[in-house]
Amino acid sequence: MSGNGDGAAGDDAAASGETVIRRERFAGGPARSFMSSLDADARIFAADLAVDRAHTLMLAEQGIVADDDAAAILGALGSVEAAGHDALPEGEDVHEAIESAVVAEVGPAGGKMHTARSRNDEVATCIRYRFREDLLDAAEASLDLRAALLDAAAEQTDTVVPGFTHRQHAQPTTVGHLLASYAGAVARDTERLLAAYERTNRSPLGAAAFAGTTFDVDRERTAELLGFHEVVENAADAVTARDFLLEGCGAFAALSTTLSGLATDLIEGAKDGHVDLDDAYASTSSIMPQKKNPDSLELVRAVAGDAAGDLTGLLTTLKGLPRAYNRDLQRATPHAWDAVDITTEATEVTAGAVATAEWDAAACAADAGAGFSTATGVADALAAAGLPFRSAHELVAVAATEIDDDATVDEQIDALDAAATASLDDSLSAYVDQSTLADLLSPAGSVAARDSRGGPAAAAVDESLTRLRDSHADHAAAVDAHREALATAEDRFTAAVNEYV
Ligand code: ARG
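In this text the structure is predicted, and so the values were computed from the model without any measurement.

Calculation notes
- Residues numbered from 1 in each chain as written.
- Predicted model: local features only at pLDDT ≥ 70, side-chain atom pairs only at ≥ 80, totals over all residues.
- Heavy atoms only, no water.
- Helix = DSSP H or I, 4+ residues; strand = E, 2+ residues; numbered from the N terminus.
- Rg over C-alpha atoms; globule rule 2.2 N^0.38 Å.
- Buried < 20%, exposed > 50% of the residue type's maximum accessible area, 1.4 Å probe, protein only.
- Contact = heavy atoms within 4.5 Å.
- Areas by Shrake-Rupley, 256 points an atom, 1.4 Å probe, with all protein chains shown as cover.
- Lys, Arg positive; Asp, Glu negative; His and termini not counted.
- Charge placed at Lys NZ, Arg CZ, Asp CG, Glu CD.
- Phe/Tyr/Trp six-rings, centres within 6.5 Å; stacked < 30°, edge-to-face > 60°.
- Near = heavy atom within 4 Å.
- Polar contact = N/O pair within 3.5 Å; in protein donor to acceptor, adjacent residues only side chain to side chain.
- 1 Å grid on protein atoms, 1.4 Å probe; cavity = no way out; pocket = protein on both sides within 12 Å on 5 of 7 lines; lining within 4 Å.
- Sits in = over half its atoms within 2 Å of the grid points.
- Pairing = 2+ DSSP bridges.
- Axes fitted to C-alpha atoms, helices over the stretch in contact; angles between N-to-C directions.
- Parallel < 35°, antiparallel > 145°, perpendicular 65-115°, else oblique.
- Left-handed = near helix turned anticlockwise from the far one by under 90°.
- Salt bridge = Lys/Arg side-chain N within 4 Å of Asp/Glu carboxyl O.
- Disulfide = S-S within 2.5 Å.
- Expected span 1.5 Å × (residues − 1).

Colleague: Got a minute to help me understand the overall build of the protein in this structure?
Modeller: Counting its secondary structure elements, the protein contains 19 helices and 6 strands. A compact globule built from 501 residues would reach a C-alpha radius of gyration of about 23 Å, whereas the protein, at 31 Å, exceeds it by more than 25%. If one aligns the C-alpha atoms of the protein with their principal axes, the spans along those axes are about 100 × 50 × 40 Å. Residues counted as buried form 50% of the 501 residues belonging to the protein. Long-range contacts, defined as pairs at least 24 residues apart, comprise 76% of the intrachain contacts of the protein with a sequence gap of at least 6. As displayed, the protein offers around 22000 Å² of accessible surface, 50% of which is attributable to carbon and sulfur atoms. Averaging the locations of the 36 positively and 85 negatively charged side chains of the protein gives two centres separated by 8 Å.

Below, the structure written as structure tokens:
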């Protein structure tokens, strides 16, 4: 665009790649498309319009730009919004393209929009404006997943299932305890997303290139209009800082890592016949007609690799970048968008898979005692009767070498008796009576006995679920409060704009 509002001249200029900012000297050439972020900037198109409006309003309120010029600029921004990102003229990025479009509609006075700012504070503000919404969406997805986990856990507090360490049968637990463990982990992921929101929701606008401005700008006013709860004070820090993206991507990487563990537990559970995924979350083989594969969860698991890659890409791009703006930063941003999109979608898919999965209590129970996994309970009972735990551990370990996977409870008791007689010169019943022992050797009895806080006994899991529901409600309230604060700010902002147009 030529910037003089002359349609014909503007079209010629556009054809040669000129814009209001670059004119002929920096137009065209082999590196133009390499340098452009215009396509990727579709993500911040709405953000840039908001930032342009807030800045223009502030300029008018401060008497830096005349009211009628501001009104014309705000009107043109309305046209740009209505036409959409795809209708933007050429430009190195969305900021330049929108400015070109505004100048094309308003004439040279449209160029007043960029008074007292730089694309450096502009882009940093746009990214924060958009990323905070993404963080809230992701936090909400994590809350939905937690709700699905809590509901399923509450239904399965009595469903005994094998628990593993080192992928070896370890101790019986319950499906409820397993799912509640993930609800706790995802709760921390929500906390991380909300913490990242706090530091994202700060305004860099008014920092200009990095060194402030001679104009009497009101940075608090633009921050308020845009719903930011404070400004990033130092102008050089404001334009350079992307640690809010690092923190957010760290939260996405952590959340996706949590999801990947849950995905694996469900994949293994499906393999063992303990859980049946809904068909909507499974796929089949193109050759083996009998197969039902847990593809959705395998993809969820792989997303953790993408999110870790995004975090690494971001860290590597930011490492060693000096003050202030460097164009490297343009390539930092898409890592964050990718992490947002894949992690949020994976969270939603996981929530659906958890909510629709059918647990087979009988199949779970049949495997729960495999590998003499109730052994620890016997050692605990001997220790409770006065034997040093280490001696009890040794006694049960000796018995374990004689106990097969398919041994009955009676055979297990015989082996334990033999080991007791050999090492204690006393019978086992001197320490634990037969019926207690039989109970502890059953997976259900073993689980019921482990009722310490956070343990798998149904009552302990029920208590945990209450706490987890409280924390869910607290986090949901925090997300709602942030959304409300943004909506209130937006209403005031719209009203302020409407006074001009
Ligand atoms: N497209 C740029 C980015 O994403 C906008 C800022 C350009 N600033 C500059 N000084 N070239 O970072």
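Colleague: Looking at this structure, how should I read the packing of aromatic side chains?
Modeller: For any two aromatic rings, the description comes down to two numbers: the centre-to-centre distance and the angle of the planes. Taken as a whole, this structure holds 3 aromatic pairs when the rule is applied. With 6.3 Å between their ring centres and 65 degrees between their planes, F131 and F244 make a pair best called edge-to-face. Here F244 lies in helix α10 (residues 243-271) and F131 lies in helix α6 (residues 119-155), a separation of 113 residues in the sequence. Each member of the pair, F131 as well as F244, is classed as buried. For the pair F131 and F252, a centre-to-centre distance of 6.2 Å together with 75 degrees between the ring planes defines the contact as edge-to-face. Of this pair, F131 sits in helix α6 while F252 sits in helix α10; the two residues are 121 residues apart in sequence, bridging distant segments of the chain. Among the aromatic residues, ring-to-ring pairing joins F131, F244, F252 and W337 into one connected group.

Colleague: Looking at this structure, how should I read the site of the ligand?
Modeller: Lining the immediate surroundings of the ligand are S37, D93, H95, R119, N120, V123, Y325, R327 and Q330. A distance of 3.0 Å is found between a nitrogen atom of the ligand and a side-chain nitrogen or oxygen belonging to D93. The separation between a nitrogen atom of the ligand and a polar side-chain atom of R119 is 3.4 Å. The fraction of the free accessible surface of the ligand (340 Å²) that becomes covered by protein chains is 87%. Assessed atom by atom at 2 Å from the grid points, the ligand resides in the largest pocket.

Colleague: How should I be thinking about the pairing of strand β2 (residues 168-174) in this particular structure?
Modeller: Each regular strand carries side chains that alternate between the two faces of the sheet. In the sheet, strand β1 (residues 160-165) pairs with β2 via 6 bridges, with the strands oriented antiparallel. Across the sheet, residue V160 finds its bridge partner in β2, namely T174. Linking two consecutive strands that pair antiparallel, namely β1 and β2, is a turn of 2 residues; a positive phi of about 55 degrees is found at H166 within it.

Colleague: Looking at this structure, I do not really get the packing of helix α11 (residues 295-318) against helix α12 (residues 328-356). What am I missing?
Modeller: Helix-helix packing: each pair is described by the crossing angle between the helix axes and the interaxial distance. Contact geometry of α11 with α12 gives a least axis separation of 9 Å together with a crossing angle of 160 degrees. Taken together, the axis directions place α11 and α12 in an arrangement best described as roughly antiparallel. Crossing angle aside, the handedness with which α11 passes α12 is left-handed. Facing S296, L297, V300, V303, D306, A307, D310, G313, L314, T317 and L318 of α11, the residues of α12 in contact are D328, L329, A332, H335, D338, A339, I342, T343, A346, V349, T350 and A353.

Colleague: How do you make sense of unusual backbone geometry when you look at a structure like this?
Modeller: One can expect most non-glycine residues to show negative phi and most peptide bonds to be in trans. With omega at 5 degrees, the peptide bond leading from R323 into A324 counts as cis. Tracing the backbone through its elements, the reader meets A324 in the loop between α11 and α12. With a phi angle near 65 degrees, A116 is a residue other than glycine that sits in the positive phi range. Residue classification places A116 among the buried positions, given a relative accessible area of 9%. In this structure, H166 is a non-glycine residue whose phi angle is positive, near 55 degrees. Relative to the elements of secondary structure, H166 occurs in the loop between β1 and β2.

Colleague: I would appreciate a short explanation of the pattern of salt bridges in the present structure.
Modeller: Once their charged atoms are close, side chains differing in charge can pair, the charge on each being opposite to the other. Enumeration according to the criterion identifies 26 salt bridges in this entry. Residue D52 is joined to R117 by a salt bridge in which the shortest nitrogen-to-oxygen separation is 2.8 Å. One end of the pair, D52, is in helix α3 (residues 45-61); the other, R117, is in the loop between α5 (94-106) and α6, with 65 residues separating them in the sequence. Like R117, D52 is buried. Residues joined in a network through salt bridges with shared partners are R32, E92, D93, R119 and R327.

Colleague: Hey, could you run me through the state of the cysteines in this one?
Modeller: Working definition: the covalent bond between the sulfur atoms of two cysteines is a disulfide. Scanning the model with the defined rule gives 0 disulfides in all. With no disulfide of its own, C126 lies 18 Å from the sulfur of C249, the closest cysteine sulfur.

Colleague: Can you walk me through α6 in this structure?
Modeller: Structural remark: α-helix, 3.6 residues per turn; residues separated by three or four positions point the same way. Here α6 spans 54 Å end to end across 37 residues, near enough to the 54 Å set by a 1.5 Å rise per residue. Among the 37 residues of α6, 27 are classified as buried, and the element is accordingly described as predominantly covered. Here α6 starts with a cap whose side-chain oxygen sits 2.8 Å from the backbone nitrogen of N120, and that cap is S118.

Colleague: Looking at this model, I keep getting lost on helix α14 (residues 375-384). Mind explaining?
Modeller: Those residues of α14 that fall on the buried side of the exposure criterion are A375, G377, V378, A379, A381 and L382. Those residues of α14 hidden inside the fold are in contact with α15 (389-400), α16 (409-424) and α17 (434-441). Two residues or fewer after α14 comes G386, characterised by a positive phi angle close to 115 degrees.

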